[in-house]
Protein chains: 2
Amino acid sequence: MKIIESTKNEWLKQVKKLEKKKFRDLENRYLIEGEHLVEEAINNEGDIQHILVTETSLVEFENLLATIDEEQLVLVTEDILKHLSHLPSVPSIMAIIGKGNQERKETKTNHLLLLDNVQDPGNVGTMIRTADAAGFAGVVLGEGSADIYNSKVLRSMQGSQFHLNLREANLLEIIETLKEEGYQIYATELNPEAIAYQQIETSEKIAFIMGNEGQGVSQELIEASHQAVYIPMMGKAESLNVAVAAGILMFSV
Amino acid sequence: MKIIESTKNEWLKQVKKLEKKKFRDLENRYLIEGEHLVEEAINNEGDIQHILVTETSLVEFENLLATIDEEQLVLVTEDILKHLSHLPSVPSIMAIIGKGNQERKETKTNHLLLLDNVQDPGNVGTMIRTADAAGFAGVVLGEGSADIYNSKVLRSMQGSQFHLNLREANLLEIIETLKEEGYQIYATELNPEAIAYQQIETSEKIAFIMGNEGQGVSQELIEASHQAVYIPMMGKAESLNVAVAAGILMFSV
């Protein structure tokens with residue numbers, strides 16, 4: 001078991017850098033915080049590279065860590081966890097997870113959610129968590145969307161990255177592929193030709209495209225999709241939060 | 001038209017204090033930021049006490065401000081707006097709104113949303129916005145819930161406070177009153193006696209109780225309600241974000 005007592009330790013400096021997307025991409029790994037996420041990683045065969053514990057949490061999480069190889073454990077101080085953490089209350093356990101394991105995860109449906117330039121990390125994380133709850137097969141993040149491994153996305157996502165399939169891709173290309181595979185593609189949009197979501201014919205393969213918080217789905221993606229869809233509103237609000245809208249759509253099919 | 005050029009101005013110091021709940025409660029007023037919210041306040045007869053503009057925005061928003069009494073306008077500098085703002089990009093218009101106008105607003109349904117100790121301001125604001133979109137009559141905030149006039153709630157709510165009825169109250173007392181008025185009260189809960197939300201019989205008067213992000217609805221409120229209700233999940237996520245869950249429920253009735 002590696003022991004680190006200073007934030008100036010070279011190995012730790014590398015870990016600290018993972019708060020930047022550039023380094024997460026470069027090293028193909030990311031940091032998760034707290035018991036719940038570490039437990040999800042262990043139970044769902046996440047690619048656990050290291051688990052950071054303190055002397056206290058090593059005892060506290062003895063059962064959880066029973067299957068973990070001692071070489072994977074790193075004993076650190078509470079100050080070090082504080083140094084690494086992005087949470088309001090610093091957790092007593094963290095882990096470094098490889099993005100590597102991209103095997104297709106089994107899910108209850110073939111449905112997909114496509115995110116076009118959704119910028120708020122909380123919205124992105126919440127939509128992935130909701131897609132997971134709705135039994136969706138996966139979420140595809142197009143260019144401009146918040147990074148899956150951003151600390152705020154990880155917090156809102158609550159471990160769903162271990163349950164469903166996530167990937168970053170060019171949405172126009174993905175849509176063409178999905179059409180060939182028999183998917184019905186629905187873009188969310190407020191326009192006169194859009195249909196109400198209750199009119200969607202449930203098919204085995206549905207993909208919804210959610211758009212940017214301000215601008216909505218881009219015109220070229222709307223044109224590439226089969227049908228525009230909207231959520232009829234009875235009140236005076238002009239629009240719904242994108243994560244709430246995605247929840248209503250995903251739980252309707 | 002009042003002109004203020006320094007953040008040290010005494011009147012402005014009082015305005016700055018409105019970022020604290022204590023002062024909003026004491027003075028029964030709050031600050032809104034940006035064109036969209038000011039427009040909502042004007043169009044929906046909000047109790048506008050003052051509108052803060054700069055020399056530039058006074059011209060920019062000439063049409064919007066056409067109906068505003070000159071005595072209500074306060075000319076300030078961009079630095080002053082920056083001093084008052086809680087937004088990442090400082091808006092060029094703000095307004096001080098009285099909470100006073102508590103007349104019952106007309107809505108499409110009699111349905112209500114009750115929030116039990118929902119702490120995250122983004123969740124509270126998003127749920128009020130969603131209740132508005134679903135045509136709900138109002139939202140009742142129980143003790144422990146984020147303040148309606150907190151800057152983050154205001155941002156997520158997007159002006160819905162001008163469309164539907166909001167009040168703070170003791171939820172146990174409210175539930176007793178609502179029952180007498182013929183409301184069916186549903187508490188969201190994961191327990192074996194809860195029914196799936198699809199089984200809810202739509203009635204004219206429905207109230208949903210949403211609970212704290214971690215603990216859910218308190219036991220005494222569950223017992224006071226007619227029926228516990230849950231959203232069946234197909235995937236592996238353990239729960240939904242409370243605002244997404246509220247959206248799915250509200251748009252189902």
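Above: the structure in question.
The present account deals with the structure reproduced in this document. (Residues numbered from 1 in each chain as written. Chains lettered and ligands numbered in written order. Predicted model: local features only at pLDDT ≥ 70, side-chain atom pairs only at ≥ 80, totals over all residues. Heavy atoms only, no water.)

Bringing the overall build of chain A into the picture now. Within chain A, the secondary structure is distributed over ten helices and twelve strands. Whereas a compact globule of 253 residues would reach a radius of gyration of roughly 18 Å, chain A reaches 20 Å, a difference of no more than 12%. Taking the principal axes of the C-alpha coordinates as reference, chain A spans close to 60 × 35 × 30 Å. Of all 253 residues assigned to chain A, the portion counted as buried reaches 53%. Taking the contacts inside chain A whose residues are at least 6 apart along the sequence as the reference set, 76% of them involve residues at least 24 apart. When the accessible surface of chain A is totalled, it reaches about 11,900 Å², and 44% of it is carbon and sulfur. If you average the places of the 22 positive and of the 39 negative side-chain charges in chain A, the two averages end up 6 Å apart. (Helix = DSSP H or I, 4+ residues; strand = E, 2+ residues; numbered from the N terminus. Rg over C-alpha atoms; globule rule 2.2 N^0.38 Å. Buried < 20%, exposed > 50% of the residue type's maximum accessible area, 1.4 Å probe, protein only. Contact = heavy atoms within 4.5 Å. Areas by Shrake-Rupley, 256 points an atom, 1.4 Å probe, with all protein chains shown as cover. Lys, Arg positive; Asp, Glu negative; His and termini not counted. Charge placed at Lys NZ, Arg CZ, Asp CG, Glu CD.)

Membership of the largest hydrophobic core comes to 117 residues, with the highest contact counts inside it found for Ile32(A), Ile51(A), Ile32(B) and Ile51(B). Setting aside residues no more than four positions away along its own chain, Ile32(A) makes contact with Leu37(A), Val38(A), Ala41(A), Met94(A), Ala95(A), Ile97(A), Leu154(A), Gln161(A) and Phe162(A). (Core = buried A, V, L, I, M, F, W, Y, C linked by side-chain atoms within 4.5 Å.)

Turning next to the packing of aromatic side chains. Residue and element names in this part refer to chain A. Tallying each qualifying case throughout the model produces four aromatic pairs over all chains. Judged by centre distance (4.1 Å) and plane angle (35 degrees), the rings of Tyr-30 and Tyr-149 are tilted. Residue Tyr-30 is located in strand E2 (residues 29-33), and its partner Tyr-149 is located in the loop between strand E7 (138-141) and helix H7 (151-157); the two are separated by 119 residues in the primary sequence. Comparing Tyr-30 with Tyr-149 shows no difference in burial state: the two are buried. (Phe/Tyr/Trp six-rings, centres within 6.5 Å; stacked < 30°, edge-to-face > 60°.)

On to the sheet that holds strand E2 (residues 29-33) of chain B, then. Residue and element names in this part refer to chain B. In spatial order, the strands read E1-E4-E3-E5-E2; together these five strands make up an open sheet with mixed pairing. Single-partner strands in this sheet number two, and they are strand E1 (2-3) and E2. As paired strands, strand E3 (residues 47-53) and strand E4 (residues 73-75) are joined by three bridges and run parallel to one another. The residue of E4 that forms the bridge with Ile-51 is Leu-73. Sitting on the sheet, helix H3 (residues 35-43) touches E2, E3 and strand E5 (93-98), and the angle it makes with E5 is about 40 degrees. (Pairing = 2+ DSSP bridges. Axes fitted to C-alpha atoms, helices over the stretch in contact; angles between N-to-C directions.)

For the structure shown, the criterion picks out 16 salt bridges over all chains. Each of Lys21(A), Arg24(A), Asp25(A), Lys99(A) and Asp147(A) takes part in one network of salt bridges that share partners. (Salt bridge = Lys/Arg side-chain N within 4 Å of Asp/Glu carboxyl O.)

Now for the packing of helix H10 (residues 242-250) of chain A against helix H10 (residues 242-250) of chain B. For the pair H10(A) and H10(B), interaxial distance at closest approach is 8 Å and the crossing angle is 50 degrees. Judged by the angle between their axes, H10(A) and H10(B) are oblique. Relative to H10(B), H10(A) is oriented so that their crossing is right-handed. In contact with Ala243(A), Val244(A), Gly247(A) and Ile248(A) of H10(A), H10(B) contributes Ala243(B), Val244(B), Gly247(B) and Ile248(B). Counted by class, the contact of H10(A) with H10(B) contains six nonpolar, two polar and no charged residues. (Parallel < 35°, antiparallel > 145°, perpendicular 65-115°, else oblique. Left-handed = near helix turned anticlockwise from the far one by under 90°. Nonpolar A, V, L, I, M, F, W, Y, C, P; charged D, E, K, R; others polar.)

Turning to the interface of chain B and chain A, a few remarks are in order. Across the boundary between the two partners, chain B contributes 31 residues, which contact 31 residues of chain A. It is Arg129(B), Met234(B) and Phe251(B) in chain B that bury the most area against chain A; as a group they hold 24% of the surface buried on that side. Between the two partners, chain B and chain A, sit zero salt bridges. Mapped onto the side of chain B that touches chain A, the elements with two or more residues apiece are H3, helix H6 (121-133) and H10 of chain B. For the side of chain B that touches chain A, the element with the highest residue contribution is H6(B), accounting for five residues. Broken down by class, the residue content of the side of chain B that touches chain A amounts to 13 nonpolar, twelve polar and six charged. (Buried area = accessible area lost by both parts, 1.4 Å probe.)

Overlay of chain B on chain A (RMSD 0.0 Å): rotation 180 degrees, translation along the axis 0.0 Å. The transformation relating the two chain copies, once decomposed into turn and shift, fits a two-fold axis. Interface overlap between copies: 100% of the residues of chain B at the interface are likewise at the interface in chain A, consistent with a symmetric, same-surface contact. (Least-squares fit on C-alpha atoms with pLDDT ≥ 70 in both.)

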